[in-house]
Amino acid sequence: MNRLTGQTLLGLTLLLGTAHAAPQQGGSITVSYKDDVTTLDPAIGYDYQNWPMEKMVFDALLDYIPGGTTLSPRLAAKMPDVSRDGQTYTFTLRKGVKFHNGRTMTADDVKYSLERVLDPKTKSPGQSFYTDIAGAQAFVDGKAKSVSGIAVLAPDKVKITLNAPNAAFLNIMAMNFAFIVPKEAVAKAGADFGHQPVGTGPFRLKSWVSGQQLQFERNPNYFMAGLPYLDGVTVKVGLDPSVAYLSLQRGEVDLLGDGIPPAQFLQVTRDPKLKANVFSRTSVNTTFLSLNTGVGPLKDVRVRQAINMAIDKTKILRIINGRGVVARGVLPPLMPGYDKAEAGYAYDPAKARALLAAAGLKGGFETTLYTTSTDPNPRIAQSIQQDLAQIGVKVQLKSLAQSSVIDAASTPKTAAMVWSGGLAWTQDYPDPSDFYWPILSCRSAVQGGWNWPFVCDKALDARAEKADRMVAPAQQAARLKEYASLFAALNKQAVWVPVFHEVRYTMKSDRLVGDVDNLLDPTHFINYERLSVKK
Amino acid sequence: MLSFAVSRALQSLGVLLIASVFTFSLIFMLPADPARLVAGPSASVQTVNSIRRELGLDRPFAAQYALYLTNLLRGDLGRSYKQQTAVRSLIASRIWPTFQLMLGAVALELLLGLPLGIWAALRRGRWPDRLVMGFAFLGAAAPQFWLGLSLVYLLAYGLNLFPLGGYGGLSHLFLPALTLGLGGAGWYARVIRSSLLEVLSRDYVRTARAKGLSPRRVVVRHALRNAAPPIISMIGLDIGVFMGGVVVVESVFGWPGLGRLVWDAIRVVDIPVIVGVVIFSAVVITLANLLADLVQLVLDPRIRYA
């Protein structure tokens, strides 16, 4: 940013600042969810619902600037010092940060928290994010009592060494799994730590009545000056989205955790008064049709390309009330490395038929499509079935429970096509490697993996590994370009039909003050510490 | 009577054992790997395997079942995969709300069903009879999900008579209990109507009438007493029906009971919670039926000789 625009922006901000007064301290809000919260243990919780709540109680060394993907220091005093080879990261901790139990956080807590996630006894779904730390695998296998790559240099200094340079490592250190927990509180609560969480975060858990509600109160010793704005947050669970919507109308709820219920969606978005309280943003996810490269005619790239051309994505968007944008490639728009120029496959049934004929399948063929049985996915699957029938592909639908779809999709040579609706891939952290390694690499193309097309291109793996070693800031643009070209190559192989990127909608009450960056944050979904209420 | 009670209790134990084997095998056959679900999508195969070992899922069916049964006899229902808390304490925290809901539903069934049924029987073939039978039909046919949301919209949101949902006092209880009990109320009305019609045609009723007793006295003192036994066993059976119904009703109204617990568990394939609730429900249903049989035995001496 040059100086002039900087000053102009500053002036504008001040001007706007006088129009919109600074958020006021005090007050509390109520948020609704349908499902119960399972746990607030950051090593264990792994879904949209508990992540923002964990974020209320805990902090990581690093975080993102609200609403974006730019890393910033949090419990760390500054961004870490990175060695020239990109393998060693030295973090200096912020001074005087206290846990809710009153004890000062130290570098030992950082080491303990990471080792806890790696410990198989914790059964953490985040374990594999951290196995690239030197000595982590030996620790996981029980061959070492601690992780050699995590060294406490001083009470406020911790050094982490990796087996190989990894440009996404700092993103991994900003994940919920890397939230810092105090050892003695975990020991005291045992397996119930998820219900009695103790962290350094802006709020403390005040009470949790199972199946009813969780109450959070302001942490008076929070290290971020002036935050949080709210005195308390009540999370009500068990509210059906339709009932939650009525409760919001009545002023009993301030924010719809599950978003606007489909039945009320059109009514809300067409009503100018209601619309003012509706926020939307394209989320960092891609919903796709996976094409199994190891099953029958789908082994032929021309067949997979034909399927890509035969599917009318705009028709699918209509089924979901337009709550999405058409996807042309693997990466969603908010993801670094997203390629605006990627054209994808245009809807062209005639060309699709020609490609099938070229593949020797003029008369079409029969295949199977798996989908979860919750609405609207079976309806979308039917739309795909009709589209494919146009080019002579007869599709048998298998509409099953979510867990059964996952099982079939992750078993080699089983599910020819899988509709990912309800199971779409959403970023764990904003780096393109998170859309490559867990879902499209050789190491995930195994029984039980999430690489449903079972695509394994060793050359692409090698390129991704090379890109991940580009850790210097000057290399970032080149790295993202490399990933873009890697996804373009996968698009050519047509292993997925990328269909849409979901647009998330949420609705708030008149009294709740918060903007789209805090209500629909790409990483944390809701930044509770930055919400406030009108007095 | 004691031998009857003992033999029924033994039967109940057998039923429980079968229920536990059945549930356990069903879940064992489920085409989903709980370890994979616990591990999450980004986990490596090694992580999944280590979780499978931690949870004992790598052992054969018989070994897993035997371990489960031994723990069960000690009162240990295992730990939830997702919440990692003891299933026993999860269930314990949800029993009272579900019990309140069932009690409310039974009360509403009786309060609505019995008077309506009697009214219909006494006005047989006339418009009150047809009206009640129509209500019974609709009550049984309406899906609970739809019924619940309609009641919320009309009575809670529209007329502002009740809270929109959640757990609390009687005002919170009324709508969910009504949703759960409305179908049953219609059923009770039908049963008491036909039972009463049958009793009213008996000789002793004719005798009572001939003695010059008032119609009210004939119905209340003589006919109803003999028409009541089927209602007792229906209440016993209802507990079973309710156990299924609470899953939907509790989800609609945000009632923090066992139905919601098992619904959430099914969603995330939290097997220990699912099995725990099923086994607990089997115990409750068996006990309720046993109790209903014993009460009937006391009320109606003829059964003793049957």
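Note that the structure is a prediction, hence the values are computed from the model and not measured.

(A) Representation of the UniProt feature "domain: ABC transmembrane type-1" (unreviewed entry) in chain B in the model. Under the UniProt annotation, the feature "domain: ABC transmembrane type-1" (unreviewed entry) is placed at residues 95-296 of chain B. Taken end to end, residues 95-296 of chain B is 85% helix and 0% strand, and its first and last C-alpha atoms sit 26 Å apart.

(B) Inspection of the interface of chain B and chain A at higher detail. Taken together, the contact between chain B and chain A spans 46 residues of the former and 44 residues of the latter. Summing the contributions of chain B and of chain A, the shared interface buries around 3,700 Å²; its carbon and sulfur component is 54%. Run the count over chain B and chain A and you get two salt bridges. Counting the contacts that link chain B with chain A gives ten residue pairs in polar contact (both at pLDDT 80 or more).

(C) Spotlight on the sheet that holds strand 11 (residues 255-256) of chain A. All names here are of chain A. Spatially, the five strands line up as an open sheet ordered 8-9-10-1-11, and their pairing is mixed. Every other strand in the sheet has two partners, leaving strand 8 (203-209) and strand 11 as the edge strands with one partner each. Judged from the two bridges that link them, strand 1 (residues 28-33) and strand 11 form a sheet pairing that is parallel. Paired with Ser32 across the strands is Leu256, a residue of strand 11.

(D) Region of interest: the pattern of salt bridges. Residue and element names in this part refer to chain A. Evaluated as defined, the whole model comprises 27 salt bridges over all chains. Here Asp59 ties to Arg74 by a salt bridge, and the two come within 3.1 Å at their closest N and O atoms. Of the two residues, Asp59 sits in the loop between helix 2 (50-57) and strand 2 (62-64) while Arg74 sits in the loop between strand 3 (71-73) and strand 4 (81-82), which places them 15 residues apart along the sequence. Measuring nitrogen to oxygen at the nearest pair gives 2.8 Å for the salt bridge that ties Arg479 to Asp431. Within this pair, whereas Arg479 is found in helix 17 (residues 476-493), its partner Asp431 is found in the loop between strand 18 (425-426) and helix 15 (437-440), the two being separated by 48 residues in sequence. Arg479 sits in the buried class, given a relative accessible area of 0%.

(E) Fine view of the nonpolar core. In this structure, Phe91, Tyr130, Phe216, Val233 and Tyr528 of chain A are the most contacted members of the largest nonpolar core, which totals 84 residues. Per-element accounting of this core gives the leading share, six residues, to helix 3 (residues 107-118) of chain A. Among all residues touching Val233 of chain A, those that are not within four sequence positions of it are Ile29, Val31, Met56, Phe203, Leu214, Gln215, Phe216 and Tyr528 of chain A. Listed in part, the 41 residues of the second largest apolar core include Ala156, Leu173, Phe253 and Trp255 of chain B.

Thresholds, definitions, all that
- Residues numbered from 1 in each chain as written.
- Chains lettered and ligands numbered in written order.
- Predicted model: local features only at pLDDT ≥ 70, side-chain atom pairs only at ≥ 80, totals over all residues.
- Heavy atoms only, no water.
- UniProt positions renumbered as here; feature names shortened; annotations may be inferred.
- Helix = DSSP H or I, 4+ residues; strand = E, 2+ residues; numbered from the N terminus.
- Contact = heavy atoms within 4.5 Å.
- Buried area = accessible area lost by both parts, 1.4 Å probe.
- Salt bridge = Lys/Arg side-chain N within 4 Å of Asp/Glu carboxyl O.
- Polar contact = N/O pair within 3.5 Å; in protein donor to acceptor, adjacent residues only side chain to side chain.
- Pairing = 2+ DSSP bridges.
- Buried < 20%, exposed > 50% of the residue type's maximum accessible area, 1.4 Å probe, protein only.
- Core = buried A, V, L, I, M, F, W, Y, C linked by side-chain atoms within 4.5 Å.

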